[in-house]
Amino acid sequence: MTSTASSRQRVAVIGLGGIGGAAAGALTHAGRHDVIACGRRPLERMRVDLPDESVEVAMTVLTDPADASPVDWVLLTTKAQDTDGAGAWLRALCGPDTTVAVMQNGIDHAERIASYAGGAEALPVIVYYNGERIADDHVRMRHISDADIALPDTDTAQAFIDLLEGTPIQAVRAPDFTARQWQKLLINIVVNPVTALTRQRQGVLQREDIQTLTTALLEEAAAVAEAEGAGLPASVAADTQRLVLTFPHDAGSSMYFDALAGRRLEAEALTGAVVRAGARHGIPTPMNGAMLALLRALSDGMGT
Ligand SMILES: NC(=O)c1ccc[n+]([C@@H]2O[C@H](COP(=O)([O-])OP(=O)(O)OC[C@H]3O[C@@H](n4cnc5c(N)ncnc54)[C@H](OP(=O)(O)O)[C@@H]3O)[C@@H](O)[C@H]2O)c1
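Residues numbered from 1 in each chain as written. Predicted model: local features only at pLDDT ≥ 70, side-chain atom pairs only at ≥ 80, totals over all residues. Heavy atoms only, no water.

S.K.: Can you break down the UniProt feature "domain: Ketopantoate reductase C-terminal" (unreviewed entry) in the protein residue by residue, with the values?
M.R.: Residues annotated in UniProt with the feature "domain: Ketopantoate reductase C-terminal" (unreviewed entry) correspond here to residues 176-298. Span residues 176-298 is 67% helix and 0% strand, its end C-alpha atoms 34 Å apart. (UniProt positions renumbered as here; feature names shortened; annotations may be inferred. Helix = DSSP H or I, 4+ residues; strand = E, 2+ residues; numbered from the N terminus.)

S.K.: Any details on the sheet that holds strand 10 (residues 130-135)? Residues and values, ideally.
M.R.: Within the open sheet, the four strands sit side by side as 4-3-11-10. Their pairing is mixed. With partners counted over all chains shown, the strands left at the sheet margins are strand 4 (54-58) and strand 10, one partner each. In this sheet, neighbouring strand axes are inclined to one another by 25° on average, regardless of whether the strands run parallel or antiparallel. Of the strand pairs in this sheet, strand 3 (residues 45-49) and strand 4 are connected by five bridges, and their pairing is antiparallel. (Pairing = 2+ DSSP bridges. Axes fitted to C-alpha atoms, helices over the stretch in contact; angles between N-to-C directions.)

S.K.: Describe the site of the ligand, naming the residues involved and giving the relevant values.
M.R.: Taken together, the neighbourhood of the ligand is formed by 25 residues, with Arg40, Arg41, Asn105, Arg133 and Glu266 sitting nearest. At 3.3 Å from a nitrogen atom of the ligand is found a side-chain nitrogen or oxygen belonging to tryptophan 89. Only helix 1 (18-30) and strand 10 provide two or more residues apiece to the shell around the ligand. Take the shell around the ligand: its biggest share by element is three residues, from strand 10. (Near = heavy atom within 4 Å. Polar contact = N/O pair within 3.5 Å; in protein donor to acceptor, adjacent residues only side chain to side chain.)

S.K.: Mind laying out the packing of helix 6 (residues 208-227) against helix 9 (residues 271-281), listing which residues take part and the relevant values?
M.R.: In contact at an axis separation of 9 Å, helix 6 and helix 9 are set at 55° when each is read in the N-to-C sense. What the angle tells us is that helix 6 and helix 9 run oblique. When you trace helix 6 past helix 9, the crossing you get is left-handed. Side by side, helix 6 and helix 9 meet where Ala221, Val224 and Ala227 of the first sit next to Val274, Ala277, Gly278 and His281 of the second. Grouping the constituent residues of the contact of helix 6 with helix 9 by class yields five nonpolar, two polar and no charged. (Parallel < 35°, antiparallel > 145°, perpendicular 65-115°, else oblique. Left-handed = near helix turned anticlockwise from the far one by under 90°. Contact = heavy atoms within 4.5 Å. Nonpolar A, V, L, I, M, F, W, Y, C, P; charged D, E, K, R; others polar.)

S.K.: Residues and numbers for the sheet that holds strand 2 (residues 34-38), please.
M.R.: Taken in spatial order, the six strands make up an open sheet running 5-2-1-6-7-8, and their pairing is parallel. At either margin of the open sheet sits one strand with a lone partner, and together these are strand 5 (61-62) and strand 8 (121-124). In this sheet, strand 2 lies alongside strand 1 (residues 10-14) in parallel orientation, the contact comprising five bridges. Within the sheet, the bridge partner assigned to arginine 10 lies in strand 2 and is aspartate 34.

Laid out in structure tokens, this is it:
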């Protein structure tokens, strides 16, 4: 595990989108650590709209992994499907004492980075805050719930919480981390695929025929979650269905916006995770399997 975060640490943030831009900007503004960002374009300054203030920060941005060397902390904030593309950054930035905070959706965080991160430890992070890239040099962070991120209940998680001190990113150690991961995954395997495949905002979830589909997706996923030991209530599928119907009709979703922009989709980390876990436990997931086939076909037809 990375040593105490009360000392000055070397931090690298891979990806400067909504989540990474906000994290890199907040950490740089707090000024307690040496922060570099790893991006695909040079950038010298960034405006960061934090929940209580808008700040402009001078950034140190690398664009070539050959210029990087091992750091204490890596924050991996690309979309999950871009993890392979970020592999060269992980190889350059990870040493035996590095911890990689994987700030991505899904449940397979450690497996996703294992082949790139050498002996580095993976810290899975559930991201709750809203991060929006307004321009290449402008991001906005908004609190969505009491906690901005949830972490496993471990010493490594505490070191990450210490690292974030002085930033507005509120983190909790969650003894029910697996339950939270699955709770979020259940929402994500409904809202993201349906909006991306129909190219319609979340109002589409109100349709009766779509509700029949989403109920089936959720019931399959709930059975898999139970086999994974998530410890969710028996009513979780119905509860999630009711919850997503309360979401604003005009809201999009991350996968919806990626589909509209012609970007590859976070399908394997979301729907794919349910299908893979179902296969591990011998639980059939035909409806999620069908969604995954459609998402793969759509994603493979995208440019980036
Ligand atoms: N945004 C949210 O509110 C939110 C909330 C909860 C969870 N999440 C999850 O958080 C994760 C990050 O989402 P996001 O919304 O921040 O995504 P995003 O806005 O699309 O940002 C991803 C960033 O990664 C960069 N990137 C991709 N490949 C790279 C590479 N090889 N080297 C360097 N940078 C690379 C992209 O660069 P380019 O600019 O060059 O494309 C982009 O800046 C996802 O798993 C998402 O599902 C997001």
